[in-house]
Amino acid sequence: MKNIMKLGEKMRTSLKKRFCLCLTFILLATALLPSIGTASIHTPISPRGQTPSLLEKDYDTFTKGLEGLPVVPGSGGVTALSEEAFPVNVPEAVPNIAASRFGDGRIVLAGDQKYFSLKNNDDPLSLLARNTLLWLTEEANLNNGKGTRYTGRYEEALDQNKMLRIVTNSEEFTIDSSLPIEIVKVDKWDRKALNPNKYTVAIIDETVKQDEVSHLAKYVQQGGNIIAAINGGSLEGITRNTPVEKRAQLGNWRGIRISQHYPVQKLLNRMGLSLLNNKTYPVGTTSELTLDTIQENHAINRLREGKQIEQGILDYEDINMGPTGTDNTKKQSLLLSVLTETLESLTSDSPLYDWAMKEAASYGKVQFPVKRGEMPYRNSLLNFQFSHFTIDAGNEKSPYADEFPGEVSETAQPVKNKKISINLQNPDLMYTRALPSKNWISTGLYASPGKDVTINVPEGVENVSVQIGSHDDELNGLSEWKRVPNLVHFKKLSPGKNVISSPYGGLIYFIPMMTDTPEQQVEFSISGAIEAPFYEIGKTTKQEWDKIRERGEVVPFGELKGEKLIITIPSKYLLELEDPLQVVALWDEIVASYDRLAGLDSKNDMPNKKYPIPFRIVLDKQIKGGLMHAGNPIMAPIEYGSTNYAASIVNETYIKNDAWGFWHEIGHEYQQAPWTWGDLGEVTVNLFSLLTQEKFNNPSRLLVVTNGKDSYDRALEFVMDPNPQKLYKELGNFERLVMFQQLRMVYGWEFYTSIFTAYREMPDKQLPKTNQEMIDTFVTVASQKSGNNLLEFFSKWGIYCSEDAQTYINNLNLDEPETEIWLLREEKK
């Protein structure tokens, strides 16, 4: 009897909790979403009479035959936005599977293709894929009971020897041939490919085009079903390894946004789901939800909780977030992440979009610096506000524009039909094995914040974008913002008249598409922009520069353009230079020495030809990481501590003697990935810094004494240690650098030139991939280029080759080094 009473009390508590959860969604809809209207806002589940018991039934279908849902580490985050949608799998605090009803159809969104592994076995991922199809097709009636070999319900396909037809545009998608599924491949998503009376399920990916969105939406409304397996955490990270075709489609390296550049997100948002720009790395291997946790992890509920915490109605201990035992500090961090990613990824097709715009605006202008973690709800809305802008015509000036990038003079006269002639040639530079420069083409013009700029593009020119702004470090993820976190944006241009504007303003750049395009000289006409302080070596005369200086600081930033390096710097420091020639020439000379070390020259044949795109350094109020960082452009702070880097970078004495940080970051642009294994990221880059110290007769940094020892003292203690288990990575970066300097002391700088050249000339198929392969290849190449067997040398440094590599090197029959190279050190001058 007592047990029955306890059970009854437990049921009453559970029902009460569920009722409260449903009520909170009603309150949330009323309090948070006034612009959407409240008539249909009840719970995060279907307004077509879907009850908590139906939601439990849905979840039971996904978990059929499983003890918890399997978790794929590194899968992309997703979320449920509408009352029709619900999370299915929440490994920690971010869902990576969510589902939704839309019209007469359904959709499942997963953050990794592994979640749809159609294999005929009892592996958890295979069972989950089966269950996904069961849920999607449980209401389908295609040929149901007609006696044909096709069916619209996967349950019938499994039980009655029928076939389920799935349509996809992916060439990579395959299934186990023993499953009762027929895959139909199509080239595009149109009405013919999306007939719900013919194909019950469509599988889509991130390649959905804008003109396909309406077809896909109508397909689901009419009873079709969609599976979208997309890792949103990989969509915005366009890198040197991104295929050329994708770079060409998107038009830029950085500044790519899920919310603007992937039409599939518009489709998903329309159906109540959303990709997030993050990845999930849970500790466990399975995830199990209850009705309560399904509702708690809905995006609408997290927004409600965030607002009520800010209002003092709730505390972090009142919300259930993260694994059991998650403390309040961690909950705060998780909530900030969930709210930020949810709002940042929204498109204008989401019913939350207009609400978020109004809610963010209700805070008015905030004061920087902003501590993001202190107010997760407000700051996630600010992040949304700062990340959702375009450079379309008609932008209003941001209230933050005068703080940074800075004010534009009210007396500045806009140009009219200014002719800018550029070469749209943009070679694919992957042959260097290093980080190629982004081809920003400077115009010397500045877009005033909130002012339209007109660009006339010649007929036939379609493969070019325009960018406003230089400060493209996006600070969204930092704990503190000292400026607006997103200042730069770009837009593809079309032949004819194009009108652009920026709420923040900035220097204007043309960007040819990231394809291997031939030379094409094109003349653009620009009106409405302001001429910035701009000096170009070999073109700007002393008389022209004097006139620029007389004009003064009409815009906050200008540029020094050399043949090999461009510096974007606050105008006040640039205009202090009476004649920039010596500064620009000095930086060009340094970069030229790097080219020689790397074996690159414009007169060489491929793949040793120096590409014509100069490197860039941009001075910023705040950068996203480190004191400085590489990455095209190289970013450095205007000021840091007591050092004014904007003044220093144009000071010849500093450039020659103290600019280690800048030498270092430029060196990163030359590092070749195939021999930059995990221990070398911040080591081999400093070969270029040592080269520059030597060039200007500066003492070696390796001889700097700290705590009574220099880098050689500490390094030689390590190499003389007979422990066969010692590892190179146990040393500090400067001690590791000693090893490379020793090789230079014996074999000269040309030794490294030959190594850079060897890797460029190495066939792609031979390039190493794993750390051990990189070590084996490098020791082999170093031995070959030095003419000595260097196995012992590297082993003294705790770097060990595989047995196969040792055998190969020994079979080269190379001489042993004449001296114990590992004991060499520089002499103090």
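Up top is the structure.
All values derive from a computational prediction rather than experimental measurement.

Turning to the overall build of the protein, a few remarks are in order. Across its full length, the protein holds 26 helices and 30 strands. On C-alpha atoms alone, the protein measures out to a radius of gyration of 30 Å, which is about the 28 Å that the 2.2 N^0.38 rule sets for 829 residues. In terms of overall dimensions, the protein has a C-alpha envelope of 90 × 75 × 55 Å along the principal axes. For the protein, the proportion of its 829 residues judged to be buried stands at 59%.

Relative to the assigned elements, Thr 757 resides in helix H23 (residues 749–761). Residue Thr 757 is classed as buried on the basis of its relative accessible area, which comes to 17%. Among all residues touching Thr 757, those that are not within four sequence positions of it are Ala 598, Gly 599 and Asn 608.

Turning our attention to unusual backbone geometry. With an omega of 5°, the peptide bond running from Phe 368 to Pro 369 counts as cis. Here Pro 369 lies in the loop between helix H12 (352–361) and strand S13 (370–371). Here the bond from Phe 404 into Pro 405 is cis, since omega is 10°, no more than 30 degrees from zero. Counting through the fold element by element, Pro 405 comes out in the loop between helix H13 (376–387) and strand S14 (418–423). Look at Asn 161: it is not a glycine, yet its phi comes out positive at around 60°. Within the secondary structure, Asn 161 sits in the loop between helix H4 (154–159) and strand S7 (163–168). Using a relative accessible area of 73% as the deciding quantity, one classes Asn 161 as exposed.

Let us look at a negative patch on the surface. Where like charges cluster on the molecular surface, the negative patch consists of Glu 792, Asp 815, Glu 816, Glu 818 and Glu 820. With respect to the helices and strands, the residue Asp 815 is situated in the segment after helix H26 (803–810). Residue classification places Asp 815 among the exposed positions, given a relative accessible area of 56%.

Turning our attention to helix H5 (residues 210–221). If you check which residues of H5 are buried, you get Glu 212, Val 213, Leu 216, Ala 217, Tyr 219 and Val 220. On an axial view of H5, the arc spanned by its buried residues comes to 155°, and they lie on one face. The inward-facing, buried residues of H5 abut strand S4 (97–102), strand S5 (105–110), strand S9 (201–204), strand S10 (225–229) and helix H8 (263–270). One or two positions beyond H5, positive phi appears at Gly 223, with a value near 115°.

With that settled, the discussion passes to the environment of Pro 699. Take Pro 699: it is sitting in the loop between helix H20 (686–695) and helix H21 (711–719). The exposure class assigned to Pro 699 is exposed, which follows from its relative accessible area of 57%. Sequence separation between Pro 699 and Gln 671 is 28 residues, and the spatial gap between their C-alpha atoms is 24 Å.

The antiparallel open sheet is built from five strands, whose spatial order is S19-S17-S21-S15-S23. The outermost strands of the open sheet, each flanked by one partner alone, are strand S19 (489–492) and strand S23 (530–531). In terms of strand pairing, strand S15 (residues 441–447) meets strand S21 (residues 506–512) through four bridges, oriented antiparallel. Across the sheet, the residue bridging to Ala 447 is Gly 506, located in S21.

Another aspect to go through is the packing of H5 against H8. Two elements in contact, H5 and H8, have axes separated by 8 Å at closest approach and are oriented at 25°. The angle between H5 and H8 places the two elements in the roughly parallel class. Relative to H8, H5 is oriented so that their crossing is right-handed. The residues of H8 that touch H5, namely those facing Gln 210, Val 213, Ser 214, Leu 216 and Ala 217, are Pro 263, Lys 266, Leu 267 and Arg 270.

Moving on, we come to helix H3 (residues 124–137). Along an α-helix, residues three or four positions apart point the same way, because every turn accommodates 3.6 residues. For H3, which comprises 14 residues, the first-to-last C-alpha distance of 20 Å matches the rise-based estimate of 20 Å (1.5 Å per residue) to within 8%. By the criterion of burial, H3 is predominantly enclosed, with twelve of the 14 residues buried. Three or more residues of H3 are buried, namely Leu 125, Ser 126, Leu 127, Leu 128, Ala 129, Asn 131, Thr 132, Leu 133, Leu 134, Trp 135, Leu 136 and Thr 137. Where H3 starts, the residue carrying a side-chain oxygen 3.0 Å from the main-chain nitrogen of Leu 125 turns out to be Asp 123.

With mixed pairing, five strands are arranged side by side in an open sheet as S24-S25-S26-S27-S28. Looking at which strands have only one partner, the edges of the open sheet turn out to be strand S24 (534–536) and strand S28 (634–637). Taking the axes of each pair of neighbouring strands and ignoring which way they run, one obtains an average angle of 15° across the sheet. For S24 and strand S25 (residues 557–561), the ladder comprises three bridges, and the chain directions are parallel. Looking at the pairing, Phe 534 lines up with Glu 559 of S25.

For the rest of this paragraph, the subject is the pattern of salt bridges. Using the criterion set out here, one finds 32 salt bridges in the structure. Of the charged contacts in the structure, one is a salt bridge between Arg 825 and Asp 710, with a shortest N-O distance of 2.5 Å. Of this pair, Arg 825 sits in the segment after H26 while Asp 710 is found in the loop between H20 and H21, placing the two residues 115 residues apart along the sequence. According to the relative accessible area criterion, Arg 825 is partly exposed, its value standing at 28%. For Asp 710, a relative accessible area of 2% gives the class buried. One network of salt bridges, in which partners are shared, links Lys 57, Arg 106, Glu 138 and Glu 139.

Quick look at the side chain of Ser 350 now. Take Ser 350: it is sitting in the loop between helix H11 (328–344) and H12. In this structure Ser 350 touches Leu 81 and Asn 269, once residues within four positions along its chain are discounted.

Core analysis: the largest hydrophobic core is formed by 121 residues, its most contacted members being Trp 587, Phe 662, Ile 666, Phe 740, Tyr 752, Phe 794 and Trp 797. Broken down by element, the residue count for this core peaks at nine residues, all from helix H16 (residues 581–598). Sequence-distant contacts of Phe 740, defined by excluding residues within four places in its chain, comprise Trp 675, Leu 680, Val 683, Thr 684, Leu 687, Tyr 728, Tyr 752 and Phe 778. With 38 residues, the next largest nonpolar core counts Leu 69, Val 71, Leu 133 and Tyr 154 among its residues.

Right, let's get into the packing of H16 against helix H19 (residues 660–668). With their axes 11 Å apart at the nearest point, H16 and H19 run at an angle of 45° to one another. Classified by the angle between their axes, H16 and H19 sit oblique to one another. Crossing handedness for the pair H16 and H19: right-handed. Judged by residue contacts, Trp 587, Ile 590, Val 591 and Tyr 594 of H16 engage Phe 662, Trp 663, Ile 666 and Gly 667 from H19. Broken down by class, the residue content of the contact of H16 with H19 amounts to seven nonpolar, one polar and no charged.

So, about the packing of aromatic side chains. Applying the stated criterion to the full structure yields 34 aromatic pairs. Pairing Phe 386 with Trp 481 gives two aromatic rings, centres 6.0 Å apart and planes at 75°, and the pair type is edge-to-face. Taken together, the positions of Phe 386 in helix H13 and Trp 481 in strand S18 (residues 480–481) put the pair 95 residues apart, joining distant regions of the chain. You'll find Phe 386 and Trp 481 in the same group, each marked buried. Seen in terms of ring centroids, Phe 688 and Phe 756 are 5.9 Å apart; in terms of plane orientation they differ by 55°. Their pairing is tilted. Taken as a pair, Phe 688 in helix H20 and Phe 756 in helix H23 lie far apart in primary sequence, 68 residues in all. The same class applies to Phe 688 as to Phe 756, namely buried. Its end group placed over the ring of Tyr 150, Arg 149 keeps NZ or CZ at 4.9 Å from the ring centre.

The rules behind the values
Residues numbered from 1 in each chain as written. Predicted model: local features only at pLDDT ≥ 70, side-chain atom pairs only at ≥ 80, totals over all residues. Heavy atoms only, no water. Helix = DSSP H or I, 4+ residues; strand = E, 2+ residues; numbered from the N terminus. Rg over C-alpha atoms; globule rule 2.2 N^0.38 Å. Buried < 20%, exposed > 50% of the residue type's maximum accessible area, 1.4 Å probe, protein only. Contact = heavy atoms within 4.5 Å. Patch = residues over 30% accessible without salt bridge, like charges linked within 9 Å, V, L, I, M, F, W, Y side chains within 5 Å. Areas by Shrake-Rupley, 256 points an atom, 1.4 Å probe, with all protein chains shown as cover. Salt bridge = Lys/Arg side-chain N within 4 Å of Asp/Glu carboxyl O. Lys, Arg positive; Asp, Glu negative; His and termini not counted. Charge placed at Lys NZ, Arg CZ, Asp CG, Glu CD. Arc of directions from axis to C-beta. Pairing = 2+ DSSP bridges. Axes fitted to C-alpha atoms, helices over the stretch in contact; angles between N-to-C directions. Parallel < 35°, antiparallel > 145°, perpendicular 65-115°, else oblique. Left-handed = near helix turned anticlockwise from the far one by under 90°. Expected span 1.5 Å × (residues − 1). Polar contact = N/O pair within 3.5 Å; in protein donor to acceptor, adjacent residues only side chain to side chain. Core = buried A, V, L, I, M, F, W, Y, C linked by side-chain atoms within 4.5 Å. Nonpolar A, V, L, I, M, F, W, Y, C, P; charged D, E, K, R; others polar. Phe/Tyr/Trp six-rings, centres within 6.5 Å; stacked < 30°, edge-to-face > 60°. Lys NZ or Arg CZ within 6 Å of the ring centre and 35° of its normal.

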